[in-house]
Amino acid sequence: MDNKDECCSTHLIDGDGVFNVAGVENFMKEVKLAECGLSYAVVSIMGPQSSGKSTLLNHLFHTNFREMDAYKGRSQTTKGIWMARCAGIEPCTLVMDLEGTDGRERGEDDTTFEKQSALFALAVSDIVLINMWCHDIGREQAANKPLLKTVFQVMMRLFSPRKTTLMFVIRDKTRTPLENLEPVLREDIQKIWDSVPKPQAHKDTPLSEFFNVEVVALSSFEEKEEQFKEQVASLRQRFFHSIAPGGLAGDRRAVVPASGFSFSSQEIWRVIKENKDLDLPAHKVMVATVRCEEIANEKYVAFTENEEWCQLEEAVNSHSVRGFGRKLSSILDACLSEYDAEATFFDEGVRSSKRKQLEEKLLQLVQPAYQSMLGHIRSDTFERFKEAFEKALKGGKGFALAARECSESFMSHFDEECTDAIIEQAKWDSSRVRDKLRRDVDAHIAELRTAKLAEVTTLYETKLNEALAGPVEALLDGAGDDTWPAIRKLLQRETDTAVSGFAAALSGFEMDEESRVNMVFRLKDYARGVVEAKAKEEAGRVLIRMKDRFSTLFSHDQDSMPRIWTGKEDIRAITKTARSASLKLLSVMAAVRLEDEGDSIDKTLVLALVDTSSSKSISSVDLLASNTWDEVSPSKTLITPVQCKSLWRQFKTETEYVVSQAIAAQEASKRNNNWLPPPWAIVAMVILGFNEFMTLLRNPLYLGFIFVAYLLFKALWVQLDISGEFRNGVLPGLLSLSTKFLPTIMNLLKRLAEEGQGTSSGQQPQGNPALAAKSFRGSTNDNGEVSMSTTSEVTSENGTEYSSSLLHDKTQ
């Protein structure tokens, strides 16, 4: 494909008659022909070889067809058929350059390809240019009269007639006026048309019904080039808007949409190639075949455009139509009756064959609507079945009974609806749709049955879970000797209640005995599973439960009041009792005991963990050095003996702190209550300190000295804030006191000296603060404790008094 100034061209059919399918497809994409719709025109040119066809097209349509080089001699230039897009002409115009006729290259076989190419051009073109020399007018062979006669004859047989414009282009016009040449040409064409055999319908049809004949004349390109170009430019204007009313092809018919041009051209060429000899079939059969087919096609088209059918088809595509079969049968019968009336005089065999084909085509056309109707009947019946079935179930009817009654009722309803949709002309069977409806109904029943059974099962499983989980957890939390018997009793009671209701609910499903027993067994098994799962869950928290129970029993008395360790409680006995209760909890949690079978877990734990001295004396074997319990299966074991031993060790470790804290609190309480020294110490103090006591009684000054020393010590304690200094630790307190001790001593001595000087002189120096007074006060508080304080009062220059507490302390 070449490109030049908006002109695109391709080799449509090569010299051997091969249609270039790929080339045409690419050509259509290049010129965007598919977007034109019906707004395009096809022009072709035919004529003798070396008559200047390509030259005329290149100047007329600005194409780029290869032209003959006159200096190299007269030879064949165009082989086959070339096609190009005309540059600058609207609408889109395609031009075909046909291989010249009467060429020496093809020899005697020339006429076959001539006829085929000419017939192809007439079949696809809106305008056909017939290029001829002026001096050939009036001749038989050179004027292409036999070729035109054959083309007209065969075209009437193979193709539906179309309005084509035949433009005869007279080249190298002589002095003979065009007004004298044109009548001769028209007369020759009319004679050819009159001589061509036609179908009965077009027996008297004039040439003007199928062809518009135009005649133009051009000057010689070689001798009068400028005049030739002017005439061509004028002729070019006639091809603008050629398909508009009044244009060259304004009254054309049967136009193929642009998107189907490639396929249409290919099929036309194939038909032409298959009829190489172009012989006419037998007249009678040919007429009957063509006419009956035309009638059948007309009736088929009329049926497709029938308003009643269109409305019926549109309606059935969206919903079910009442009386569909009766209405459609009536429309089909009317269409076939019209065909019979118009084709009654044609050959019976052909007429019957075409009628059968028409009936098959019509039935094929309406079959999707019939299938849609069956589909609507099936879907509507199925939806109504589901609604009725659900309503019956909600009304309390048994599941099996409701399913049986509803399915039978609506299958009968489907059969009635299908009878109403039957088309008389067709023998179609609706059994496949009925079978599909039956499968849908059965599948829905099975699905709903499964869902309802699951719903019932879930309901009673939920009830069992609610009835068992909480009580079992509470019973295990207060573990004792009667825990598992109580759980077994609870399980039996709740299981019997659930099974009774469950069996009643299953009765409506009409299940076989084996299935019913299996479902009841699974429900009982689920109940046991709830208890076992809860026991397993609680066993996972056994250590927490043991510590909680120990803490409750150890820290609270029999009245559930917190214990106050006064020193009179027997901590050892309390600890033993609390641990024994925790050990009981561990033994209860160690295994699932839903069967009334005895075991020795509690005894083994007591011997191994509590009565260790007696167990060692009985046997040197560790009773808990095992992964299984005697008389208990591994599937029922929740805590193995080894795990029990580990848990007990961890339990004792984590509870020893509580016991030690209680012991410490008891010891502290005893110390607080015994504030006096032991009696022996008091007797020793009296005996050993008798002499010193007598000395103090004989010398009262010692008492005063001791009292003064006590006051000074308390004053230093307050001033240095010894308790506050040691609040952050011993070492920081000592370091801080070491820096403050000497200045505080010096300050106290200085103040005492100043106070002594002020007292001896009887006056206070002006402008200096003095120690006004110093007093020691003693008081007794409500508890009988003695409070001692030293207060210093200082008077400033303006007579205002300030007081500072030097010491305040309580002693017992």
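Predicted model only: the values in this text are computed from it and were never measured.

With that out of the way, let us pick up the overall build of the chain. When its secondary structure is counted, the chain shows 25 helices and 11 strands. Long-range pairs, those at least 24 residues apart, make up 70% of the contacts in the chain between residues at least 6 apart in sequence. By element, 52% of the accessible surface of the chain is carried by carbon and sulfur atoms, the whole surface being about 45,700 Å².

For Val169, the position within the fold is in strand S7 (residues 164-171). Here Val169 falls in the buried class, since its relative accessible area comes to 1%. For the pair Val169 and Glu214, spaced 45 residues apart in the sequence, the C-alpha separation amounts to 8.6 Å.

The subject of this paragraph is helix H23 (residues 700-720). Over its 21 residues, H23 extends 31 Å from the first C-alpha to the last, a length consistent with the 30 Å expected when each residue adds 1.5 Å. Among the residues of H23, Leu711, Lys714, Ala715, Leu716 and Leu720 are the ones counted as buried. Downstream of H23 by a residue or two, Asp721 has a phi angle that is positive, lying close to 50 degrees.

Turning next to the confidence of the model for the chain. For the chain, mean pLDDT is 78; residues scoring 70 or higher make up 81% of the total. Predicted confidence for residues 615-619 stays below pLDDT 50, and this span has one contact to residues more than four positions away or in other chains.

A few words now on a nonpolar patch on the surface. A contiguous nonpolar patch, built from Phe707, Val708, Tyr710, Leu712, Leu742, Met746, Leu749 and Leu752 and spanning about 740 Å² of accessible area, is present on the exposed surface. Among the elements of the structure, H23 and helix H25 (730-761) are those that each provide at least two residues to the nonpolar patch. With respect to the element layout, Val708 can be found in helix H23. A relative accessible area of 45% means that Val708 is categorised as partly exposed.

Among the seven residues of strand S3 (residues 40-46), seven are classified as buried, and the element is accordingly described as predominantly covered. Every second residue of S3 is oriented toward a common face, with Tyr40, Val42, Ser44 and Met46 on one face and Ala41, Val43 and Ile45 on the other, all of them buried. Bridge count between S3 and strand S5 (residues 92-98): six bridges; the pairing is parallel. For Ala41, the partnering residue across the bridge sits in S5 and is Thr93. As defined by bridge partners, S3 adjoins strand S6 (residues 127-133) across four bridges and the pair is classed as parallel. Looking at S6, one finds that Ser44 is bridged to Val128.

Below, the discussion takes up the UniProt feature "binding site: GTP" (unreviewed entry) in the chain. Under the present numbering, the feature "binding site: GTP" (unreviewed entry) in UniProt falls on Gly47, Pro48, Gln49, Ser50, Ser51, Gly52, Lys53 and Ser54. Within the secondary structure, Gly47 is located in the loop between S3 and helix H2 (53-61). On the accessibility criterion, Gly47 (2% relative accessible area) is buried. Looking at the element boundaries, Ser50 is found in the loop between S3 and H2.

We now examine unusual backbone geometry. For the bond from Glu90 to Pro91, the omega torsion is -5 degrees, close enough to zero to count as cis. Structurally, Pro91 can be placed in the loop between strand S4 (81-85) and S5. The backbone of His241 sits at a positive phi, close to 55 degrees, despite the residue not being glycine. Along the chain, His241 falls in the loop between helix H6 (225-237) and helix H7 (261-274).

Within soluble globular proteins, side chains that are nonpolar generally end up buried alongside one another. Among the nonpolar cores identified, the biggest contains 105 residues, and Phe324 and Phe389 are the most heavily contacted of them. Ranked by residues supplied to this core, first place goes to helix H11 (residues 348-394) with 15 residues. Not counting the four nearest positions on each side in its chain, Phe389 is found in contact with Phe399, Ala402, Ala403, Cys406, His444, Ile445 and Leu448. Membership of the second largest hydrophobic core comes to 53 residues, among which are Ile13, Val24, Ile192 and Ala217.

What counts and how
Residues numbered from 1 in each chain as written. Predicted model: local features only at pLDDT ≥ 70, side-chain atom pairs only at ≥ 80, totals over all residues. Heavy atoms only, no water. Helix = DSSP H or I, 4+ residues; strand = E, 2+ residues; numbered from the N terminus. Contact = heavy atoms within 4.5 Å. Areas by Shrake-Rupley, 256 points an atom, 1.4 Å probe, with all protein chains shown as cover. Buried < 20%, exposed > 50% of the residue type's maximum accessible area, 1.4 Å probe, protein only. Expected span 1.5 Å × (residues − 1). pLDDT = per-residue confidence, 0-100. Patch = residues over 30% accessible without salt bridge, like charges linked within 9 Å, V, L, I, M, F, W, Y side chains within 5 Å. Salt bridge = Lys/Arg side-chain N within 4 Å of Asp/Glu carboxyl O. Pairing = 2+ DSSP bridges. UniProt positions renumbered as here; feature names shortened; annotations may be inferred. Core = buried A, V, L, I, M, F, W, Y, C linked by side-chain atoms within 4.5 Å.

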